[in-house]
Amino acid sequence: MAVADRRTTTPAPTPAVGPAAPVGPAAPVALGIGLAVLATLVWSGSFVTSRALGDSVPPVQHAFWRWVVALAVVAPFGARRAWRQRALIRRHLGFVLLASLLGVTVYNTLVNQAGVTTPAANMGMIMAASPVLMAVFERAGGVRLGARRVAGLLIACAGVLLLVGGGASLSAGDLWMIAAACCFGSYSALLRRRPTGLDGVGFLFTTFLFGTVLLLPAQVVSLAVQGGFSPAPGNVLPLLYVGVASSAVAFFAWNKAISLIGPSRAGVVYYLQPVCVALLSWALLSEPTGWAQAGCMALILGGVVLGAASGAGPRR
């Protein structure tokens, strides 16, 4: 009824702005940062599971069953929405397929492959390269990042470089992780261009579905060459974790965060990941840590606080 009353009077700026003024941009920014933190914390655990399952579950099969579980979790919420938007999905099929390939099919398979030989702490540190790519892609898209965000990015990046330089040796697994970091940075930048009107949960279900289908040929080859694995609590429970929390929950939170605050600011928050992974790997896998790592982690945290709190730069 309020809308009908406005149509009968001369439009004025004050009534239109008044009710929304107390909300302002602070609420969505805070929500976006919180969702980015949630996704980062949950994903930190997935690096530990990739390392823990490296000797018992082949990397491709780890990825395949992760996404099967994720599909089962998301389907009750997203399948119907995706079906209602099938015409929009078909119109932007190239974008959806590329997002599925980068974010679902390739990225996690590379992480699992790295987990066969690389310590979880190294995996988290190398993945911290992806925020740099997010910022570069966003800047190339015309977004001014702002001095504080760039400073926070550089401080956090310095902490990661010092952490890596303090004893990490480049191995085959590290190279797999570098490829994974590039893949994830590209996926996050691509999310900024998600078609208008495409439902978040429907998009999530569609990418999970397409990504799992694209992974199916590699799953068949892995079963033929490496054989399957014997289900046991030690491998089924981690697979449920990565399927439910690291896939359904974390990907929804990250995608929503990107839509609210953009890739570069979410990328600064993502620098928390090496800190979380190092702490989890120390607590759960007994991987060593020390005062030097603690100092670098403090540097990373300082950069995250500085960069994530900065205002969003306008487009050119």
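Residues numbered from 1 in each chain as written. Predicted model: local features only at pLDDT ≥ 70, side-chain atom pairs only at ≥ 80, totals over all residues. Heavy atoms only, no water.

### Remarks on the overall build of the chain
Counting secondary structure elements, the chain contains 15 helices and 0 strands. The proportion of buried residues among the 316 residues of the chain is 48%. For the chain, restricting intrachain contacts to residue pairs at least 6 apart in sequence, the fraction spanning at least 24 positions comes to 92%. On the chain, roughly 14800 Å² of surface is accessible, and the fraction owed to carbon and sulfur atoms is 71%. (Helix = DSSP H or I, 4+ residues; strand = E, 2+ residues; numbered from the N terminus. Buried < 20%, exposed > 50% of the residue type's maximum accessible area, 1.4 Å probe, protein only. Contact = heavy atoms within 4.5 Å. Areas by Shrake-Rupley, 256 points an atom, 1.4 Å probe, with all protein chains shown as cover.)

### A word on the packing of aromatic side chains
Within the structure shown, the criterion is met by 12 aromatic pairs. On the numbers, 5.2 Å between centres and 35° between planes, the contact of Y107 with F184 is tilted. Linking Y107 in helix α6 (residues 93-114) with F184 in helix α10 (residues 172-191), this pair joins segments that are 77 residues apart in sequence. You'll find Y107 and F184 in the same group, each marked buried. Over the face of the ring belonging to W67 we find R66, whose NZ or CZ atom lies 5.0 Å from the ring centre. (Phe/Tyr/Trp six-rings, centres within 6.5 Å; stacked < 30°, edge-to-face > 60°. Lys NZ or Arg CZ within 6 Å of the ring centre and 35° of its normal.)

### A word on the packing of α10 against helix α12 (residues 233-261)
Packing of α10 against α12 leaves a shortest axis separation of 9 Å and a crossing angle of 55°. Of the possible angle classes, the one that applies to α10 and α12 is oblique. Our pair here, α10 against α12, has a crossing hand that is right-handed. On α12, the residues touching F184, Y187, S188 and L191 of α10 are F251, W254, N255 and I258. Tallied by class, the residues present in the contact of α10 with α12 amount to 6 nonpolar, 2 polar and no charged. (Axes fitted to C-alpha atoms, helices over the stretch in contact; angles between N-to-C directions. Parallel < 35°, antiparallel > 145°, perpendicular 65-115°, else oblique. Left-handed = near helix turned anticlockwise from the far one by under 90°. Nonpolar A, V, L, I, M, F, W, Y, C, P; charged D, E, K, R; others polar.)

### Section: the side chain of R66
With respect to the secondary-structure elements, R66 resides in helix α4 (residues 59-84). By relative accessible area, R66 is classed as buried at 1%. In this view, R66 contacts W43, S46, N108, V242, G243, S246, S247 and F251; residues no more than four positions away in its chain are not counted.

### A few points about the environment of F47
Among the secondary structure elements, F47 is positioned in helix α3 (residues 26-52). A C-alpha to C-alpha distance of 9.7 Å links F47 and N108, two positions 61 residues apart in sequence. Setting aside residues no more than four positions away along its own chain, F47 makes contact with Y107, V111, A120, M123, M127, M177, Y270, Q273 and V277.

### Section: the pattern of salt bridges
For the coordinates displayed, the defined rule picks out 1 salt bridge. With a shortest N-O distance of 3.3 Å, R81 and D199 are connected by a salt bridge. Residue R81 is found in helix α4, and its partner D199 is found in the loop between α10 and α11 (200-226); the two are separated by 118 residues along the sequence. A relative accessible area of 34% places R81 in the partly exposed class. Classification of D199 by relative accessible area gives partly exposed; the value is 23%. (Salt bridge = Lys/Arg side-chain N within 4 Å of Asp/Glu carboxyl O.)

### Brief notes about the nonpolar core
Ranked by size, the top nonpolar core spans 61 residues in total, and within it F47, Y107, M127, M177, F184, F208 and W254 carry the most contacts. Look past the residues within four positions of M127 in its chain and what remains in contact with it is F47, Y107, M177, A180, A181, F184, Y270 and Q273. One finds L53, F229, L239 and V242 within the second-largest nonpolar core, a separate group that totals 5 residues. (Core = buried A, V, L, I, M, F, W, Y, C linked by side-chain atoms within 4.5 Å.)

### Some details on α12
Along α12, the helix axis deviates most sharply at A250, where the bend reaches about 35°. Just beyond α12, the residue with positive phi is G262, at close to 85°. (Bend = angle between axes of the 7 residues up to and from the residue.)

### Describing the environment of N255
Inspection of the secondary structure assignment puts N255 in helix α12. In this structure N255 touches Y187, L191, F203 and L204, once residues within four positions along its chain are discounted.

### Quick word on the environment of M177
Tracing the chain through its elements places M177 in helix α10. The spatial distance from the C-alpha of M177 to the C-alpha of Y107 is 9.2 Å, given a sequence separation of 70 residues. Apart from the residues within four sequence positions on either side, M177 is in contact with F47, V111, A114, M123, I126 and M127.

### A look at the state of the cysteines
Any covalent bond linking the sulfur atoms of two cysteines counts as a disulfide. Here the structure, examined in full by the defined rule, presents 0 disulfides. Here C182 is not cross-linked by a disulfide; its sulfur's nearest cysteine counterpart is in C183, at 8.6 Å. The class for C183 is buried, based on a relative accessible area of 7%. (Disulfide = S-S within 2.5 Å.)

### Remarks on a nonpolar patch on the surface
A cluster of nonpolar side chains, contributed by L93, L97, L98, L101 and L214, occupies part of the molecular surface with about 370 Å² of accessible area. You can see L93 is positioned in helix α6. Residue classification places L93 among the partly exposed residues on the basis of a relative accessible area of 35%. (Patch = residues over 30% accessible without salt bridge, like charges linked within 9 Å, V, L, I, M, F, W, Y side chains within 5 Å.)

### Details of the confidence of the model for the chain
Residues of the chain with pLDDT of at least 70 account for 71%, and the chain-wide mean is 77. In this model residues 1-24 is a low-confidence stretch, pLDDT under 50, and it forms 1 contact with partners more than four residues away in sequence or in other chains. (pLDDT = per-residue confidence, 0-100.)

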